[in-house]
Amino acid sequence: MSTNKTRKSANVQWGGRFASGPSEVMERINASIGFDQRLFAQDIAGSQAHARMLVARGILSSKDGDAIVIGLDTISQEIESGEFTFSTALEDIHMNIEVRLRELIGDAAGRLHTARSRNDQVATDFRLWVRDEIDAVDLQLKALQSELLGKAKTHAETIMPGFTHLQTAQPVTFGHHLLAYVEMFGRDRGRFADARARLNELPLGAGALAGTSFPIDRHAVAEDLGFDRPVANSLDAVSDRDFALEFMSAASISMTHISRFAEEIVIWCSDGFRFVKLSDAYTTGSSMMPQKRNPDAAELARAKAGRVFGDLLGLLTVMKGLPLAYSKDMQEDKEPVFDTADSLALALAATTGMVSDMEPMIENMRAASGKSYSTATDLADWLVRVADVPFRDAHGITGFVVKYAEAKGINLIDMSLEEMQAIDERITNDVFNVLSVEASVASRTSFGGTAPDNVRAAVNDARARFMGD
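Draft legend 1. Here's a closer look at the overall build of the protein. Along the backbone of the protein there are 18 helices and six strands. Here the protein has a C-alpha radius of gyration of 31 Å; the compact-globule value for 469 residues is 23 Å, and the former is much larger. Counting only C-alpha atoms and orienting by the principal axes, one finds that the protein spans roughly 100 × 55 × 40 Å. Taken across its 469 residues, the protein has 49% of its residues classed as buried. Within the protein, contacts between residues at least 6 apart in sequence are counted, and of these 75% link residues at least 24 apart.

Draft legend 2. Broad picture of helix α4 (residues 62–81). If you check α4, its first and last C-alpha atoms are 29 Å apart, about what 20 residues at 1.5 Å a residue would give, namely 28 Å. Downstream of α4 by one or two residues, G82 has phi in the positive range, about 85 degrees.

Draft legend 3. Molecular detail of the pairing of strand β1 (residues 159–164). Where β1 lies against strand β2 (residues 167–173), six bridges are found, and the strand directions are antiparallel. Looking at the pairing, M160 lines up with V172 of β2. The loop that links β1 with its antiparallel partner β2 comprises two residues; one of these, H165, has a positive phi angle of about 60 degrees.

Draft legend 4. Inspection of the packing of aromatic side chains at higher detail. Here the structure, examined in full by the defined rule, presents eleven aromatic pairs. Their ring planes at 75 degrees and their centres at 5.5 Å tell us that F126 and F243 sit as a pair that is edge-to-face. Residue F126 is found in helix α6 (residues 118–154), and its partner F243 is found in helix α10 (residues 242–269); the two are separated by 117 residues along the sequence. For the residue pair F126 and F243, the accessibility class agrees, reading buried in each case. Where F192 meets F247, the ring centres are 5.8 Å apart and the plane angle is 55 degrees; that geometry is what we call tilted. A residue pair is termed long-range when its members are at least 10 positions apart, and F192 in helix α7 (residues 174–199) and F247 in helix α10 qualify at 55 residues.

Draft legend 5. Up close: a nonpolar patch on the surface. A surface patch of nonpolar side chains, amounting to about 270 Å² of accessible area, comprises L209, L235 and L324. With respect to the helices and strands, the residue L235 is situated in helix α9 (residues 234–239). Classification of L235 as partly exposed rests on a relative accessible area of 31%.

Draft legend 6. How the structure looks around the packing of α10 against helix α11 (residues 296–319). Interhelical geometry of α10 versus α11 gives an angle of 155 degrees and a closest axis separation of 8 Å. By the criterion of interaxial angle, the relationship of α10 to α11 is roughly antiparallel. The two elements α10 and α11 cross, and the hand of that crossing is left-handed. Residue classes in the contact of α10 with α11 are distributed as 17 nonpolar, four polar and five charged.

Draft legend 7. Local environment of the pattern of salt bridges. Counting across every chain of the model gives 28 salt bridges. With a shortest N-O distance of 2.6 Å, R366 and E438 are connected by a salt bridge. In this pair, R366 is assigned in helix α13 (residues 362–369) and E438 in helix α17 (residues 437–443), connecting sequence segments 72 residues apart. With relative accessibility at 32%, the residue R366 sits in the partly exposed group. Judged by relative accessible area, which is 37%, E438 ranks as partly exposed.

Cut-offs and rules
- Residues numbered from 1 in each chain as written.
- Predicted model: local features only at pLDDT ≥ 70, side-chain atom pairs only at ≥ 80, totals over all residues.
- Heavy atoms only, no water.
- Helix = DSSP H or I, 4+ residues; strand = E, 2+ residues; numbered from the N terminus.
- Rg over C-alpha atoms; globule rule 2.2 N^0.38 Å.
- Buried < 20%, exposed > 50% of the residue type's maximum accessible area, 1.4 Å probe, protein only.
- Contact = heavy atoms within 4.5 Å.
- Expected span 1.5 Å × (residues − 1).
- Pairing = 2+ DSSP bridges.
- Phe/Tyr/Trp six-rings, centres within 6.5 Å; stacked < 30°, edge-to-face > 60°.
- Patch = residues over 30% accessible without salt bridge, like charges linked within 9 Å, V, L, I, M, F, W, Y side chains within 5 Å.
- Areas by Shrake-Rupley, 256 points an atom, 1.4 Å probe, with all protein chains shown as cover.
- Salt bridge = Lys/Arg side-chain N within 4 Å of Asp/Glu carboxyl O.
- Axes fitted to C-alpha atoms, helices over the stretch in contact; angles between N-to-C directions.
- Parallel < 35°, antiparallel > 145°, perpendicular 65-115°, else oblique.
- Left-handed = near helix turned anticlockwise from the far one by under 90°.
- Nonpolar A, V, L, I, M, F, W, Y, C, P; charged D, E, K, R; others polar.

Okay, structure coming up:
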């Protein structure tokens, strides 16, 4: 395979208007090849579709069109094999590829840019890249949901404390707790799917901003590249970056969910909780304290959220004051999107691995679930259901029972019937059937509740909704 020759001067893309190249500082601030080379596959695919359309419309000869498509295939192979040398002097991925194409096939390469601008070209490349990334993220989110569902099914009856304000509230099952994250990540998938649907319009053919006088067929190119339709307005086509912002917004919400789950793993691994264990694969030690096992994978996944939020805010700030149509400020769109995609992918991989790896410490969970009078609500419900006490009154009676038990340093289930009846004589021995954590969990049979049978049914339902099972 041929290797690259020395690149031509930097003003090749600007034509005769410029007599000399840019200053070294201008070259550095203007160049994007250091990061936009990631768009090479999308740039080549877009150029090949454009060339095929030009041939079909009689704007380009079949001979030149074939040479362009074959030459672009060669360049793709060079880049993938590492043989391609990227030039900062050529500014971006588009010119690096175009100049190399001219080296390979001669003057026919110069016809490729007929009826397009780098403005609509980069907008197309970027949409294609984000679309591919959304598809990859969806697969990762689905894999994470699958791990959570498997764990939830296994632990449909494993009891743990449920919290509000990080205070023990009521007993739940570990499976039920994990299913909450299945729903969160399911909503994330929905947001990414919505973003994908909105971005799936083709900018190519909009030219620099006003369209083109050549008789092109934008609908044919859209179909060739898998877009639903062309962008309707040429100004909007080259200046819109909503699709990038929406991708980053969906990523930010997804990172919020990852961060919340990571925080729980950190808490669960702590000595104060000891609810789960992570293996050496997802923990590290201390350089000073040999006894330490730190949940660093969870902590780093948690930290990635702040980085992604910053990426979103950065691009929002870039875009907020730009007039139509294209401004060079928009070159700053790619690095934060690439960083967001990389951070999200890594955090998802780490989270999926931790779910698979973590081992619930069932006895510790069970013991903690009975603390802090977690079945007090069950006593209040019993008073309503069996003794026909209005709930507000039942709430007050239960408060007195809890206060008494707390003063004696005992759990509700350890109180005697006489002690309870001294607070309210309507309480009978039947109340002890509802005061264990097992009874509490089993009674929560309302739709979406934590009862083990509910959890198993919810796992099956979630598999149908999210996995296609």
